[in-house]
Amino acid sequence: VLSHNLCTVLNVPHDPVALEEHFRDDDEGPVSNQGYMPYLNKFILEKVQGNFDKVEFNRMCWTLCAKKNLSKSLLLISDEDAFKVWVIFNFLSEDKYPLIIVPEEIEYFLKKLTEAMGAGWQQEQFDHYKITLNTSREGLSAWEMIDLIGSGQFSKGMDRQTVSMAINEVFNELILDVLKQGYMLKKGHKRKNWTERWFVLKPNIISYYVSEDLRDKKGDIMLDGNCCVEALPDKDGKKCLFLIKCLDKSFEISASDKKKKQEWIQAIQTTVNLLRAGNPPPHKEARQKRKELRQKLLAEQEELERQMKELQTANENKQKELETVRKQLEAAAARAAEEEKKRLQTQVELQDRFSLDLERKKRVRQKMEEQVAQKSSELEQYLQRVRELEEMYKQLQEALEDEKQARQDEETVRKLQARLLEEESAKRAELEKWHLQQQQTIQMTEAEKQELENQRLVKERALQVAMQQLEQLELERKEALEQYEEVKKKLETAANNTKSWKDKVAHHEGLIRLIEPGSKNPHLITNWGPAAFTEAELEQRQKSWKGKKATSE
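The following paragraphs examine the structure supplied in this document. (Residues numbered from 1 in each chain as written. Predicted model: local features only at pLDDT ≥ 70, side-chain atom pairs only at ≥ 80, totals over all residues. Heavy atoms only, no water.)

### Considering the overall build of the protein
So, step 1. Helix and strand counts for the protein come out as 13 helices and nine strands.
So, step 2. Counting the 553 residues in the protein, one finds 29% classified as buried.
So, step 3. Contacts in the protein between residues at least 24 apart in sequence constitute 63% of all its contacts with a sequence separation of at least 6.
So, step 4. Accessible surface, the protein as shown: approximately 38,400 Å² in total, 51% of it carbon and sulfur. (Helix = DSSP H or I, 4+ residues; strand = E, 2+ residues; numbered from the N terminus. Buried < 20%, exposed > 50% of the residue type's maximum accessible area, 1.4 Å probe, protein only. Contact = heavy atoms within 4.5 Å. Areas by Shrake-Rupley, 256 points an atom, 1.4 Å probe, with all protein chains shown as cover.)

Okay, structure coming up:
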C-alpha cells in the first residue's frame, strides 16, 4: 500500500498487481526499514521525473509520521496549520540528518509569522529564548518547532484564526513560491468586459481564479525574460490600470487603488528581472545567503578557536620557557660559584701540570728526532730497493728477448718439419702411382713383356732410389724432431726464467709491469698440423731436394 501510494503521488508508472506479487506474504516475516530502503531508492525515487504535486507528497509523508510523533498536548493551531509548519521546517532545516532548525532560521520564521499577523517583533523575548535554547542543544526538531508555534509563546494576544492566516501566508510564500496575491479586475480578450479575479503571482507564472479558495482556475499568464509591465492611464471609467505584455498576448488589469497598483507592478517587474538573470525566488536566495553566512561565521569561529588554542598553547610554552630560564639562571649561578671555587683549586694544579708538560714536551721532541732519523734510514733503504728493482727489470727484459728468440727458432723447426712431411707425402703418392702402372704392365701382351721387364727394372732402380731418398727424408725428419725438442726445452727454460722473474717482481711490491711478447707471425699449415720452419729454411730445403732429384734421375 505504501509503495502504491508513493508511486501514485510521485507520478511513477507502476502495476498494482506486480506490487502485490512482490510484497506477498511469505515465511521470511515482515519487511524491515533497512530492507525497504533499497527498494524505495531503486524502484521509486530514481524514477521520479519532477512533475508531481509536492504539497500532496508532503501531505502523504505527514500522514505517515504525524500520528506517531505529534504531541498529544493541546495546541493552539489546527492539524492543517501543524502540517504547514512541518513543511516549512523541512524547507528551513539544515541539510544533515537528523533534521534540525537552527536558531537563525527559527528567528527568520517567527519574524515572517509576526509580520504576517501584523504584530511587532519582540527581539528581547526571542534573545531570552535563544539563550535557553543554546544551553541545551543546537536547534529544534520538527515536532518541537510545532510545539513552539502551537504553544502561542510568540503569538500572545492573537486569536487562532489570525495565527492560521499568518501560517498560511508564510506557507504560500516559502513553499508555494507565492510572491503576491489579491483581487483585481481583468479585461477579457473576446467580450472586452471587466471581471474580478483572484490573482496569484509565482516566480514564472500569474494564475487567476474565480475566488481566493483557488478551486476554479480561469487561466495563466506565463512570464519569461521577454515580458514587461507598464502603467496605463485611466480609461473607460477604470482607474489604476497597468498592462502585462507577453510574446503572444497582452493583459489589461485594474487594481483597487494606486498603492496596490504600484505593488503589483513592482512585484511583476521584480519577477521578470529574476527570470532574465536566472536567479531563484527572493526567499530561496535569502535562505542560501543565510546558510552561506552561517557557514562563513562557523568557519571564522573555528578559525578563532584554533587561533585561541594556538595562543593558549604558545602562552603555556612561554610560561614553561620562562620557568626553564629561571631554573637555568639559578643553576648557572650555582655553577658559577662552584666554578670559581674549582678555578682557585685548579690554578695550583695547572702550575704543577705546566712544569710536567714542559718535561714531557722535551721527551716528545727527543722521540720525534729519533723518529726522523729512523725515517731517513728507511728512505735510504727504499731508494736502494728501487735501484735493485730497476736492475731486475733490465734482466727481465733480457729474459724476454731470449724467450722471443726461442719462439722464433721453434717456428723455424716447425716449418721445416711441415715441409719434410709434405715431401714424404708426395713421394708416397708417386710410389703408389708407379705401383699401379706396374700392375697394369703385367696385363700387357707377351710381346711387350721383355720391354716391360726392362722398364720394370729401371723403375725398380728408381723405386730403390726413391726409397733411399725417403729414408733420407725420414732421417732429416728425426733430426728436425730432435731440433724441435731442443727448441722446446729452450722455450721451457725461458718460460721458467720469465716465471721466476715474475715472482721476483711480485715479491718486490709490483713496482713494474711485465712486458708480454707480441702477437706471433702467421703459421704455415700442413696436413700434419702447423709447420715449424721459416720461409727461408723451406726455400733452402726445396733447392736441396731438387738437386738430389736431378742427380738420381
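Still to come is the rest of the account.
### Remarks on the side chain of Glu 423
So, step 1. Residue placement: Glu 423 occurs in helix H11 (residues 282-442).
So, step 2. Arg 419 provides the closest opposite charge to the buried, unpaired Glu 423, separated from it by 4.1 Å.
So, step 3. Of note is the side chain of Glu 423, whose polar atom sits 3.1 Å from the side chain of Trp 545.
So, step 4. If we skip the residues at most four places from it in the chain, Glu 423 touches Leu 473, Arg 541 and Trp 545. (Lys, Arg positive; Asp, Glu negative; His and termini not counted. Salt bridge = Lys/Arg side-chain N within 4 Å of Asp/Glu carboxyl O. Polar contact = N/O pair within 3.5 Å; in protein donor to acceptor, adjacent residues only side chain to side chain.)

### Topic: the packing of aromatic side chains
The description of an aromatic ring pair rests on the distance of the ring centres and on the angle between the ring planes.
So, step 1. A full pass over the atoms with the stated rule returns 13 aromatic pairs.
So, step 2. Here the aromatic cluster, defined as three or more aromatic residues joined through ring pairs, consists of Trp 62, Phe 83, Trp 86 and Trp 143.
So, step 3. The ring of Phe 91 carries the charged tip of Arg 287 above its face, separated from the ring centre by 5.1 Å.
So, step 4. One residue, Arg 290, lies across the ring of Tyr 108, its end atom 3.6 Å from the ring centre. (Phe/Tyr/Trp six-rings, centres within 6.5 Å; stacked < 30°, edge-to-face > 60°. Lys NZ or Arg CZ within 6 Å of the ring centre and 35° of its normal.)

### Observations regarding the packing of helix H4 (residues 54-69) against helix H5 (residues 79-92)
So, step 1. At their nearest, the axes of H4 and H5 sit 10 Å apart, and the two run at 110° to each other. Here H4 is positioned roughly perpendicular relative to H5, judged by the angle of their axes. Contact residues: Val 55, Asn 58, Arg 59, Cys 61, Trp 62 and Cys 65 in H4; Asp 79, Glu 80, Ala 82, Phe 83, Trp 86 and Val 87 in H5.
So, step 2. Considering only residue class, the contact of H4 with H5 consists of eight nonpolar, one polar and three charged. (Axes fitted to C-alpha atoms, helices over the stretch in contact; angles between N-to-C directions. Parallel < 35°, antiparallel > 145°, perpendicular 65-115°, else oblique. Nonpolar A, V, L, I, M, F, W, Y, C, P; charged D, E, K, R; others polar.)

### Some remarks on a negative patch on the surface
So, step 1. On the surface, Glu 391, Glu 398, Glu 401 and Asp 402 cluster together to form a negatively charged patch.
So, step 2. A relative accessible area of 53% places Asp 402 in the exposed class. (Patch = residues over 30% accessible without salt bridge, like charges linked within 9 Å, V, L, I, M, F, W, Y side chains within 5 Å. Charge placed at Lys NZ, Arg CZ, Asp CG, Glu CD.)

### Let's talk about helix H9 (residues 160-174)
So, step 1. Here H9 spans 21 Å end to end across 15 residues, near enough to the 21 Å set by a 1.5 Å rise per residue.
So, step 2. What H9 keeps buried is the set Val 163, Ala 166, Ile 167, Val 170, Phe 171, Asn 172 and Leu 174. (Expected span 1.5 Å × (residues − 1).)

### Structural notes on unusual backbone geometry
So, step 1. If you check the backbone angles, Asn 11 has positive phi at about 60° while not being a glycine.
So, step 2. Mapped onto the secondary structure, Asn 11 falls in the loop between helix H1 (2-9) and helix H2 (16-22).
So, step 3. Look at Asp 236: it is not a glycine, yet its phi comes out positive at around 55°.
So, step 4. Along the chain, Asp 236 turns up in the loop between strand S5 (228-232) and strand S6 (241-245).

### Some remarks on the side chain of Lys 187
So, step 1. Residue placement: Lys 187 occurs in strand S1 (residues 180-187).
So, step 2. A relative accessible area of 18% means that Lys 187 is categorised as buried.
So, step 3. Once you skip the residues sitting within four places of it in the chain, Lys 187 turns out to touch Lys 192, Asn 193, Trp 194 and Glu 252.

### Examining a nonpolar patch on the surface
So, step 1. A grouping of Leu 304, Met 308 and Leu 311 is seen on the molecular surface, where their side chains present a nonpolar patch of about 320 Å² in accessible area.
So, step 2. Relative to the elements of secondary structure, Met 308 occurs in helix H11.

### What about the environment of Val 200?
So, step 1. Looking at where Val 200 falls in the secondary structure, it is placed in strand S2 (residues 194-202).
So, step 2. The class of Val 200 is buried, set by a relative accessible area of 5%.
So, step 3. Linking Val 200 and Asn 172, residues 28 residues apart in sequence, is a C-alpha distance of 10.0 Å.
So, step 4. Leave out the neighbours within four places in its chain, and Val 200 touches Val 178, Lys 180, Gln 181, Ile 205, Ile 206, Ser 207, Tyr 209 and Leu 214.

### Digging into the sheet that holds S2
So, step 1. Taken in spatial order, the seven strands make up an open sheet running S4-S3-S2-S1-S7-S6-S5, and their pairing is antiparallel. For this open sheet the edge positions go to strand S4 (217-222) and S5, each flanked by a neighbour on one side alone. For this sheet, the mean angle separating the axes of adjacent strands, direction not counted, is 35°. (Pairing = 2+ DSSP bridges.)

### Some words on the packing of H5 against H9
So, step 1. Two numbers describe how H5 lies on H9: the axes approach to 10 Å, and their chain directions differ by 35°. Crossing hand, H5 versus H9: left-handed. Between H5, through Asp 81, Lys 84, Val 85, Val 87, Ile 88 and Phe 91, and H9, the contact on the second element is made entirely by Ser 164, Ile 167, Asn 168, Val 170, Phe 171 and Leu 174. (Left-handed = near helix turned anticlockwise from the far one by under 90°.)

### Side note on the nonpolar core
So, step 1. Formed by 40 residues in total, the largest nonpolar core has its most connected members in Trp 62, Trp 86, Ile 106, Met 145, Ile 146 and Ile 149.
So, step 2. Elements with a contribution of two residues or more to this core: H4, H5, helix H6 (103-117), helix H7 (123-136), helix H8 (142-150) and H9.
So, step 3. It is H5 that provides the largest number of residues to this core, a total of nine residues.
So, step 4. Every residue in contact with Ile 146, bar those within four places of it in the chain, is listed here: Trp 62, Leu 70, Leu 75, Ile 77, Ala 82, Val 85 and Trp 86.
So, step 5. In terms of nonpolar packing, the next biggest core, distinct from the first, is built from 21 residues, Phe 199, Leu 201, Cys 240 and Phe 242 among them. (Core = buried A, V, L, I, M, F, W, Y, C linked by side-chain atoms within 4.5 Å.)

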